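Each chain, written out:
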Amino acid sequence: MEASYQHLIDLNDYPVSWWNQIVALGADIKEHPQRYTHACVGKVMATLFYEPSTRTQMSFQAAMIRLGGSIIGFDNPATSSVSKGESLKDTTKIVSNYADILIIRHPMAGAAKAAALTTDCPVINAGDGGHLHPTQTLTDLLTLRVEKGRLDGLTVGLCGDLLNGRTVHSLCKALSCYKNNHFVLISTPELRLPFYVKDIIKANGGTFTEVSSLDQVIGSLDVLYMTRIQQERFTSEEAYLAQKDTYVLDAKKMSRARPDMIVLHPLPRVDEITVEVDQDPRAMYFKQAHYGMYVRMALIMTMLENQNPSRLLKGKVHKGVCCKNPSCITQQEHYLPKSFRGEGTTLECEYCDERLLLEH
Amino acid sequence: MEASYQHLIDLNDYPVSWWNQIVALGADIKEHPQRYTHACVGKVMATLFYEPSTRTQMSFQAAMIRLGGSIIGFDNPATSSVSKGESLKDTTKIVSNYADILIIRHPMAGAAKAAALTTDCPVINAGDGGHLHPTQTLTDLLTLRVEKGRLDGLTVGLCGDLLNGRTVHSLCKALSCYKNNHFVLISTPELRLPFYVKDIIKANGGTFTEVSSLDQVIGSLDVLYMTRIQQERFTSEEAYLAQKDTYVLDAKKMSRARPDMIVLHPLPRVDEITVEVDQDPRAMYFKQAHYGMYVRMALIMTMLENQNPSRLLKGKVHKGVCCKNPSCITQQEHYLPKSFRGEGTTLECEYCDERLLLEH
Amino acid sequence: MEASYQHLIDLNDYPVSWWNQIVALGADIKEHPQRYTHACVGKVMATLFYEPSTRTQMSFQAAMIRLGGSIIGFDNPATSSVSKGESLKDTTKIVSNYADILIIRHPMAGAAKAAALTTDCPVINAGDGGHLHPTQTLTDLLTLRVEKGRLDGLTVGLCGDLLNGRTVHSLCKALSCYKNNHFVLISTPELRLPFYVKDIIKANGGTFTEVSSLDQVIGSLDVLYMTRIQQERFTSEEAYLAQKDTYVLDAKKMSRARPDMIVLHPLPRVDEITVEVDQDPRAMYFKQAHYGMYVRMALIMTMLENQNPSRLLKGKVHKGVCCKNPSCITQQEHYLPKSFRGEGTTLECEYCDERLLLEH
């Protein structure tokens, strides 16, 4: 389905050259913000947050304001018309006539794509459940570009819950598209990176090693990307108590890191980085959040220029076939065309990207 | 009581010529939006939503922004000072000193008028319970004006719950003020239009017929205005199951309609119009929502010019007489002057318009 | 700890000359608002309201908008990232990179100061629990300056719950810094002004008398500052019923007041001032709320000029010593340096100002 507008639903809908263009524009805005203060004058952005995410929402709002545009939106579906049973389609269609661009956050996979099928303006996916969060990945790329000066030839440690971390999967997929990046995957055996992500790294020409101790490898890293391991992910309370400190970054561990290593974190952090590390000049996670605003400015500008209408659905509807993923937006919004990529007995839902095995 | 500002509380406070002026201005803004982008620069609009209505609120906000103005407000009384027991008067009085115009939505009848008695700026009624919602009616008029080219000589079908639908009553009263309009009232016998609305239609020179099947009459209509019948309005589950499809608009029914008939709906819709109808070019309900923004732009501009201070209370206080309507704002805000229109034993509350029979 | 930005945490961090400067600027803005409509163009203010206070928030928002700036923020911590367990430090640090100035409201004492320790922009304290609310006091000073023409030589009646009223304590402390002010403290014996506030009045050269009847003294006042006595503050239901009318201002009591006496109230009021008084030209509480917007405009402008970086922590950390006040922000945010003023066995927490007696 050919849309009339350019959307950002999934980073993989765009080539690496486009990512570079967004990152380069973000870096220029960061250097020369005053050149962009009128870039979106007269434009209205609506932030439709079907689940709260204060920081992401404020980041988008500040971005639009700093481009000279204005904002409307909601952040509390319980007090909105949504609670009266209105469909995602109707709400987003209507608001797309009030606004020039929609920012959508939703707890279900594929929601932003589903909305983009019928809106009358561009859509940016600000997170669709555990599925995609492309502006976080672009934020990470801009931070590396500015703070390390390059996106290739990096040794990147990823520490924490690598099994469930959407942010980590997306970053691995993206960074492995650049040359000579090596990933050091630091987690418990149970929380290792999924095989399909490792397959993508290999297919893109990247390399990786897997270890279970941060201390052991921190000295070799250019970048350390921390994420949280929730206590309930450990196999037992004993396992948690025995291992938790292994995955907490503190001043002592930092003392073994290179002087030019940088520490990233998608935030919010809880206790996986101790507060003392905040004062270390290598701690880059607050700056990273700041860069998120610049990359969103670059995206909003680019989407509003609308030069490349997005192709949203490329597969086809198979009679009687429905996605079985309970978190897929097609489970809730029944009017959506149930479109799948692929042929034969393995199909892939075009909303949530889950595979479906057909029995014949 | 002569106010110092011009308010929009009830469409009937203004002559038809004024409605036409607002509709004409709305149509001009729609055609030439760029001419109005600075019309309200430096002005501040406050949206005080004592009950949530995301779409109405966003429509007003987008309207003000597209006129160059700014917005403040709240949409969640549970997290506002309102929950500390502050009176409607105090909250609206104070905010009217921060803002240049107030948009008030409230669950009780007469709340916008009550606020307008003491505010220091114009008030627009954005819905006061089941009582009035004048900007919806103006939206409907603008839609007809643009999409049908006229407001007279129309055959208008109204389908669904005609007994309880505030929107439908208001539209009938307004459209019957134009010449040669004929209303086709489509509902179950239990959900027919109230007698007092039929009386107004007749008094204004309009005509109507009552039927119970949409299919039977759809071919004769210029306009079909759909509303929802909630399941609990039917007399029994059997009645619901037997009749519900009669009041659902689908592609099959549309196939019998004229090529230039248009379909309106105040939204949100639930399932009274099937999704397939959305793609029919005669489906005008999303455009209608869009026109709502233009008519609100016209209203905000007109109210801010403030050329005709509104007369709010025209009746008088009768010693010891109180309105008995439990949804009337005078039940909650005890400081309000209990003013009534009329004489003798039949009085009409000036806030909620309910009649009160006095016993002598 | 020397901050890089100028903050307003506590009025007492500034000399009286600075208060006068803010009040004078507020008065000038009130007289010539059009001169200031571009003062903050391109600047972004974030309102971080960890507890709801609709009126204070809208007052700040209107202030920033009327200076040409823009606003982001949240008002409902339950639907924000805050509910995911993020620290005050992390949230405010990150938002301080999106915005140019933060307005913080928080239920715990010392929260605004705690945030200011690490933010990358100025912070204004919009109320930290029962502790400080400096913009209310500046509002009161501006109102007196404009409506009485002076801040000295005034006989000021303070009526209601003087024991627990943060606003009253703060106003007494501030006004006693000006010459020849006399305070008439009107309350039940149980709800008298605390000794430490009386000590400050005396130390500053002010005088006061204590009475239990408003009627008895109202004729002698230049200013009457009303506050609410909550029913539960009375010793018994009988005491409440016997005394409550004594502390309610009505038209009859107003008839005994001077023609140029003015009535102030920090709002919201419940029933301690009857609605009939609103029409008395001496009732100044709605104007007072309006002046609050002007004084906040003056503050935002002054803080953004950032000419005098604030010194936040002046005392020192004593090994093992923690503040015992359960409402102190240090009880919740454990990473904060537990800094105290003073020496020997009496220390004063630098966040909540509570005294701590050390046992040796």
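All values reported here derive from a predicted model rather than from experimental measurement. (Residues numbered from 1 in each chain as written. Chains lettered and ligands numbered in written order. Predicted model: local features only at pLDDT ≥ 70, side-chain atom pairs only at ≥ 80, totals over all residues. Heavy atoms only, no water.)

Student: Lay out the sheet that holds strand β8 (residues 223-226) of chain B with the relevant residues and their values.
Tutor: Residues and elements named next belong to chain B. Within the open sheet, the five strands sit side by side as β7-β6-β5-β8-β9. Their pairing is parallel. Looking at the sheet topology across the chains shown, the edges are occupied by β7 (207-211) and β9 (262-264). Direction aside, the axes of adjacent strands within the sheet are offset by 20° on average. Sheet topology note: the strand β5 (residues 155-159)/strand β6 (residues 182-186) ladder contains five bridges and is parallel. Each bridged residue has a counterpart across the sheet, and for Leu-158 the counterpart in β6 is Leu-185. Along the sheet, helix α5 (residues 134-147) contacts β8 and β9; its crossing angle with β9, the most-contacted strand, is approximately 170°. (Pairing = 2+ DSSP bridges. Helix = DSSP H or I, 4+ residues; strand = E, 2+ residues; numbered from the N terminus. Axes fitted to C-alpha atoms, helices over the stretch in contact; angles between N-to-C directions. Contact = heavy atoms within 4.5 Å.)

Student: Describe the relation of the copies chain B and chain C, and please don't skip the residues or the numbers.
Tutor: For the pair chain B and chain C, the relating rotation is 120°, the translation along its axis is 0.0 Å, and the fit reaches an RMSD of 0.0 Å. Taken together, the rotation and translation describe the operation of a three-fold axis. Counting the interface residues of chain B, we find that no more than 8% of their copies in chain C are interface residues as well, pointing to two distinct contact surfaces. (Least-squares fit on C-alpha atoms with pLDDT ≥ 70 in both.)

Student: Account for the pairing of strand β1 (residues 44-49) of chain A, with residues named and values stated.
Tutor: Residues in a regular strand point their side chains to alternate faces of the sheet. Residue and element names in this part refer to chain A. Within β1, six of the six residues are buried, which leaves it mostly tucked inside the rest of the structure. Alternating residues of β1 divide into Val-44, Ala-46 and Leu-48 and Met-45, Thr-47 and Phe-49, and every residue in both groups is buried. Pairing of β1 with strand β2 (residues 70-74), which is carried by five bridges, proceeds in the parallel orientation. Among the inter-strand pairings, Met-45 is bridged to a residue of β2, identified as Ile-71. Crossover β1 to β2 through helix α2 (residues 54-66) is right-handed. Looking at chain direction, β1 and strand β3 (residues 101-106) are connected through five bridges and run parallel. Residue Ala-46 lies in a different strand from β3, and its bridge partner there is Leu-102. (Buried < 20%, exposed > 50% of the residue type's maximum accessible area, 1.4 Å probe, protein only. Right-handed = clockwise from strand over helix to strand, strands pointing away.)

Student: Tell me about the packing of aromatic side chains, and name the residues and values.
Tutor: Each aromatic ring pair is described using two quantities: the centre-to-centre distance and the angle formed by the ring planes. Overall, the coordinates contain twelve aromatic pairs over all chains when judged by the stated rule. For the pair B:Tyr14 and B:Trp18, a centre-to-centre distance of 3.8 Å together with 15° between the ring planes defines the contact as stacked. Comparing B:Tyr14 with B:Trp18, the two get one shared label, buried. Above the ring of B:Phe60, the side-chain terminus of B:Arg296 is found at 4.9 Å from the ring centroid. Positioned over the ring face of C:Phe195 is C:Lys198, at 4.7 Å from the centre of the ring. (Phe/Tyr/Trp six-rings, centres within 6.5 Å; stacked < 30°, edge-to-face > 60°. Lys NZ or Arg CZ within 6 Å of the ring centre and 35° of its normal.)

Student: So what's going on with the sheet that holds strand β13 (residues 355-357) of chain B? Residues and values would help.
Tutor: Consider a sheet: its strands pair through backbone hydrogen bonds, and that pairing is either parallel or antiparallel. Residues and elements named next belong to chain B. Taken together, the four strands give an open sheet; going across it, the order is β10-β11-β12-β13, and neighbouring strands pair in antiparallel fashion. Of all the strands in the sheet, just β10 (316-317) and β13 have a single pairing partner and so form its edges. Strand direction decides the pairing type here: β10 and strand β11 (residues 339-341), joined by two bridges, are antiparallel. Bridge assignment links Lys-316 to a residue of β11, and that residue is Phe-340.

Student: Explain the UniProt feature "domain: Aspartate/ornithine carbamoyltransferase Asp/Orn-binding" (unreviewed entry) in chain A residue by residue, including any values.
Tutor: Following the UniProt record, the feature "domain: Aspartate/ornithine carbamoyltransferase Asp/Orn-binding" (unreviewed entry) maps to residues 152-302 of chain A here. Between the C-alpha atoms that bound residues 152-302 of chain A the distance is 25 Å, and the span itself is 34% helix and 15% strand. (UniProt positions renumbered as here; feature names shortened; annotations may be inferred.)

Student: Hey, could you go over the UniProt feature "domain: Aspartate carbamoyltransferase regulatory subunit C-terminal" (unreviewed entry) in chain A for me, with residue numbers and the actual values?
Tutor: As recorded in UniProt, the sites labelled "domain: Aspartate carbamoyltransferase regulatory subunit C-terminal" (unreviewed entry) are residues 321-355 of chain A. End C-alpha atoms of residues 321-355 of chain A are separated by 12 Å, and the span's content is 0% helix alongside 23% strand.

Student: Before we move on, could you go through the domain arrangement of chain A and cite the residues and values that matter?
Tutor: A common way to express how large an interface is: the accessible area buried when the components associate. Residues and elements named next belong to chain A. Per the domain assignment, the segments of chain A are domain 1 (11-134 + 290-305), domain 2 (149-221 + 223-257) and domain 3 (316-357). Computed over C-alpha atoms, the centres of domain 1 and domain 2 are 29 Å apart. Each partner contributes residues to the interface: domain 1 has eleven residues there, and domain 2 has five residues. Both sides together, the interface formed by domain 1 and domain 2 hides about 670 Å², and carbon and sulfur atoms give 57% of it. (Domains from an automatic or database assignment. Buried area = accessible area lost by both parts, 1.4 Å probe.)

Student: Please set out the interface of chain B and chain A residue by residue, giving values where relevant.
Tutor: With 22 residues of chain B at the contact, the number on the chain A side is 24 residues. Across the interface of chain B and chain A, roughly 2,100 Å² is buried in total on both sides, 59% from carbon and sulfur atoms. For the pair chain B and chain A, the interface holds four salt bridges. Between B:Arg66 and A:Asp100 there is a salt bridge; the shortest N-O distance is 2.9 Å. (Salt bridge = Lys/Arg side-chain N within 4 Å of Asp/Glu carboxyl O.)

Student: Explain the pattern of salt bridges to me, using residue names and the numbers behind them.
Tutor: Residues and elements named next belong to chain B. What the rule picks out here adds up to 66 salt bridges over all chains. Glu-210 serves as the salt-bridge partner of Arg-192, at 4.0 Å between the closest nitrogen and oxygen. Of the two residues, Arg-192 sits in the loop between β6 and α7 (195-203) while Glu-210 sits in strand β7, which places them 18 residues apart along the sequence. Given a relative accessible area of 28%, Arg-192 falls into the partly exposed group.

Student: Tell me about the relation of the copies chain B and chain A, residues and numbers included.
Tutor: The transformation that overlays chain B on chain A combines an axial shift of 0.1 Å with a rotation of 120°, and the residual RMSD is 0.0 Å. Residue by residue, only 9% of the interface of chain B is reproduced at the interface of chain A, so the copies engage with different surfaces.

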